[in-house]
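Coordinates in review
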Amino acid sequence: MSAHATVLLLVIFSLLGSEILLAQEEVEAPPAPEKLGTSWIQRVEHGISNLVLPGEVVAWVPLERGVDEPALAVVARQGTEDSDPLGLYVWRLGGEPTSVRLAIELPGTIDALETMPSNGTERAPLILVFGESKLQIVSSDGARSKTIPMSSGFFPVPTSRWVDPNWKTNSASVFRRLGALEKLTLGPEWGELESKWSIDLPLVVDRSWGGLDLETPPVVKLSIGENGTQSYLVGPQAHGLHRLRTMFIELEGDQSPSTFEVWSMFPGPETVEESWYVVFNDQPALIVTSVQADKHGVFEKKKIRLFLLEKDRSRSGSPPVLEAITRSRNWYSTCAGIADVNGDDLDDVVSAQPQGLGAGKLWVTAYISDQQGGFETKPLGNMLQVSDGERCSLDFDFDQNGQPDLLVVQGDDVLIFPLMRHPGGKDRNLVAETPRWRIELEDVRGTPGFTWIFPDRRPQIVSTGFTEAEQGKISVIRFE
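Residues numbered from 1 in each chain as written. Predicted model: local features only at pLDDT ≥ 70, side-chain atom pairs only at ≥ 80, totals over all residues. Heavy atoms only, no water.

**Some remarks on the overall build of the chain**
- Within the chain one finds one helix and 35 strands.
- Per-residue burial over the chain gives 49% buried out of 480 residues.
- In the chain, of all internal contacts separated by at least 6 residues, the share reaching a separation of at least 24 is 48%.
- Accessible surface, the chain as shown: approximately 23300 Å² in total, 50% of it carbon and sulfur. (Helix = DSSP H or I, 4+ residues; strand = E, 2+ residues; numbered from the N terminus. Buried < 20%, exposed > 50% of the residue type's maximum accessible area, 1.4 Å probe, protein only. Contact = heavy atoms within 4.5 Å. Areas by Shrake-Rupley, 256 points an atom, 1.4 Å probe, with all protein chains shown as cover.)

Right, here's the structure in full:
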């Protein structure tokens, strides 16, 4: 081939390549940004409120719970880069939804976002932002702001479905800190953060790439008794390979908290993978999934255990009342909860378990309790064809039939399957094969959160993600 022909071919290929690149650029043109602000989508049995922000949603918290003018405080980046500053927004969802960015300069990173009831000088709750060893106190209208140095952060305490959704100031301002659970109040001029009471919590040393991390076990608010007693459960904390410790913190009115410990004993050496504090037949209990601690197998299936948390002077630990093997390999996440699926007024343990080596199937099962305090040998259940069953929850009742429903995230859709009741029937299916609600969202990151920001008995679902143009997006789903 002559040099002239070679040059001609190179020119042709170059032109063709340019045309291909231009075509790709036309096809792969970046999506247009969405309009910032609020929007509303009405479906048959639910509505979706959306708030689009410049960048990633970092944190959110209800500004007030169960009121006529519900609102969220939201922290989001002011751009698509991790180095972009953070902004604080108040998103009001009652009536015509509106959002306002408060003229407040936030730290570059935050550890926690929470609210606190007004201290008498403010009409609305205060917004608390902790980050970079500081506590920033902001009035909800943005008119006042003050920063207080703090040596360590605070973190809000999650609540369970057994807590009255209309709870307000009776449990507000109780925070978990490193090594303590505290009830905090502000001084008259926000000059200092005062501790009404403080309970020491265990400290756990965990290895990391950078060395050793000092942590406090998780804390959950389990229930409020009829006399106003508030129960906080700390743990479970492993002691060796056989025992688990749960710390109880009980409050009654304005009295000082009381504490005691409850111990649980595995039937053999086991390591906790997941845990849920629950109320089982009107008493506190602990559900865990576990694997063998001494000879862990590559394809080992998780075990599920139910421990009743009863006071015992000995530290030996009570054995589980339920011992079963799940259908999930040890690398999958599962979810578990409590429901009465056969209508005998006794609680049963329900669980959703991804099945197989490549998932794609979700086994939903119920372990049926009996009058003697044990469980039937054969559980009931059925299989769902769900591509991603690991992001699930059995915590809340969306159809208001008195027992929780199964929520599963599949791609960018939220699916809700109500649990069925089986009063002595032969049908062994626990959930319908098709969901009652299919909530289509643009992007779902992680498992959605739940809260009560409207005066409803059923909770609202809160999901965060991104638009196609990489803007931040937060959605609130309310059921009709």
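**Considerations on the sheet that holds strand β26 (residues 348-355)**
- Strand order in the open sheet formed by four strands is β25-β26-β27-β28, with antiparallel pairing between adjacent strands. Pairing within the sheet leaves two strands with one partner each, and these edge strands are β25 (335-339) and β28 (380-384). Averaged over all neighbouring strand pairs, the angle between strand axes comes to 20 degrees, with direction disregarded.
- Of the pairings in the sheet, the one linking β25 to β26 comprises five bridges and is antiparallel in character. (Pairing = 2+ DSSP bridges. Axes fitted to C-alpha atoms, helices over the stretch in contact; angles between N-to-C directions.)

**Structural notes on the confidence of the model for the chain**
- Summary statistics for the chain give a mean pLDDT of 84 and a share of 86% for residues scoring 70 or more.
- Contacts of residues 5-13 to residues separated by more than four positions or lying in other chains number two contacts, the stretch itself having pLDDT below 50. (pLDDT = per-residue confidence, 0-100.)

**Considerations on the nonpolar core**
- One finds Val350, Leu362, Leu384, Leu406 and Leu430 to be the most contacted residues of the largest nonpolar core, which totals 21 residues.
- When residues of this core are traced back to their parent elements, those giving at least two are β25, β26, β27 (361-367), β28, β30 (405-410) and β31 (413-418).
- Ranked by residue count, the leading element in this core is β27, at three residues.
- Contact partners of Leu362, with chain neighbours within four places excluded, come to Ala352, Gln353, Pro354, Asn382, Met383, Leu384, Val386, Gly389, Leu406 and Val408.
- Residues Leu63, Ala71, Leu102 and Val129 belong to the second largest nonpolar core, which totals 17 residues. (Core = buried A, V, L, I, M, F, W, Y, C linked by side-chain atoms within 4.5 Å.)

**Some points on the sheet that holds strand β24 (residues 322-329)**
- The strand order across the open sheet built from four strands is β21-β22-β23-β24, with neighbouring strands paired in antiparallel fashion. Looking at the sheet topology across the chains shown, the edges are occupied by β21 (270-280) and β24. Within the sheet, the average angular offset between the axes of one strand and its neighbour, ignoring direction, is 25 degrees.
- With six bridges joining them, strand β22 (residues 283-292) and strand β23 (residues 301-308) adopt antiparallel strand pairing. From the neighbouring strand, Leu286 faces β23, where its bridge partner is Phe307.

**Some details on the side chain of Arg77**
- Assignment of secondary structure puts Arg77 in strand β4 (residues 71-77).
- In contact with Arg77, other than residues within four places in its own chain, are Pro54, Gly55, Glu56, Val58, Asp82, Asp84, Pro85, Leu86 and Gly108.

**Side note on the packing of aromatic side chains**
- In total, this model carries 10 aromatic pairs according to the counting rule given.
- Considering the side-chain rings of Phe398 and Phe450, the 6.2 Å spacing of their centres and the 45 degrees angle between planes classify their relative orientation as tilted. Here Phe398, found in the loop between β29 (392-393) and β30, pairs with Phe450, found in strand β33 (residues 449-451); they are 52 residues apart in sequence, far enough to count as distant.
- Here the aromatic rings of Trp437 and Phe479 are separated by 5.0 Å at their centres, their planes lie at 70 degrees, and the arrangement is edge-to-face. Placement of the pair is Trp437 in strand β32 (residues 437-440) and Phe479 in strand β35 (residues 472-479), with a sequence separation of 42 residues.
- On the accessibility criterion, Trp437 (3% relative accessible area) is buried.
- One aromatic cluster is present, formed by Phe396, Phe398, Trp437, Phe450, Trp452 and Phe479 through successive ring pairs. (Phe/Tyr/Trp six-rings, centres within 6.5 Å; stacked < 30°, edge-to-face > 60°.)

**Regarding the pattern of salt bridges**
- On inspection of all chains with the given rule, the structure shows 12 salt bridges.
- In this structure, the salt-bridge partner of Arg391 is Asp388, at a minimum N-O distance of 3.4 Å.
- Judged by relative accessible area, which is 17%, Arg391 ranks as buried.
- Several salt bridges converge on common partners, so that one network encompasses Arg245, Glu261 and Arg315. (Salt bridge = Lys/Arg side-chain N within 4 Å of Asp/Glu carboxyl O.)

**So, a nonpolar patch on the surface**
- A grouping of Leu178, Leu203, Val205, Leu212 and Leu214 is seen on the molecular surface, where their side chains present a nonpolar patch of about 480 Å² in accessible area.
- Note that Leu214 resides in strand β16 (residues 211-215).
- On the basis of relative accessible area, Leu214 is assigned to the partly exposed category, the value being 45%. (Patch = residues over 30% accessible without salt bridge, like charges linked within 9 Å, V, L, I, M, F, W, Y side chains within 5 Å.)

**Re unusual backbone geometry**
- Each neighbour pair has its own omega, and for Gly235 with Pro236 the value is -5 degrees, a cis peptide bond.
- With respect to the helices and strands, Pro236 occurs in strand β18 (residues 229-239).
- Even without being glycine, Glu132 reaches a positive phi, approximately 55 degrees.
- Assignment of secondary structure puts Glu132 in the loop between β8 (126-131) and β9 (134-139).
- In this structure Glu132 comes out as partly exposed when scored by relative accessible area, which is 41%.
- Phi is positive for Ser133, which is not a glycine, with a value near 60 degrees.
- Using a relative accessible area of 42% as the deciding quantity, one classes Ser133 as partly exposed.

**A look at the pairing of strand β10 (residues 145-149)**
- Two strands pair when backbone bridges link them, and β9 and β10 are joined in this way by five bridges, in the antiparallel orientation. Directly across from Ile137, in β10, lies its bridge partner Lys146.
- Hairpin connection of β9 to β10: five residues between the antiparallel strands, including Gly142 at a positive phi of 80 degrees.

**Considering the environment of Val219**
- Residue position: Val219 is located in strand β17 (residues 219-224).
- What makes Val219 buried here is its relative accessible area of 5%.
- Separated by 58 residues in sequence, Val219 and Tyr277 place their C-alpha atoms 9.8 Å apart.

**A closer look at the pairing of β25**
- Along β25, five of the five residues are buried, which leaves the element largely enclosed by surrounding structure.
- Across the two faces of β25 the burial is the same, with Cys335, Gly337 and Ala339 and Ala336 and Ile338 all buried.

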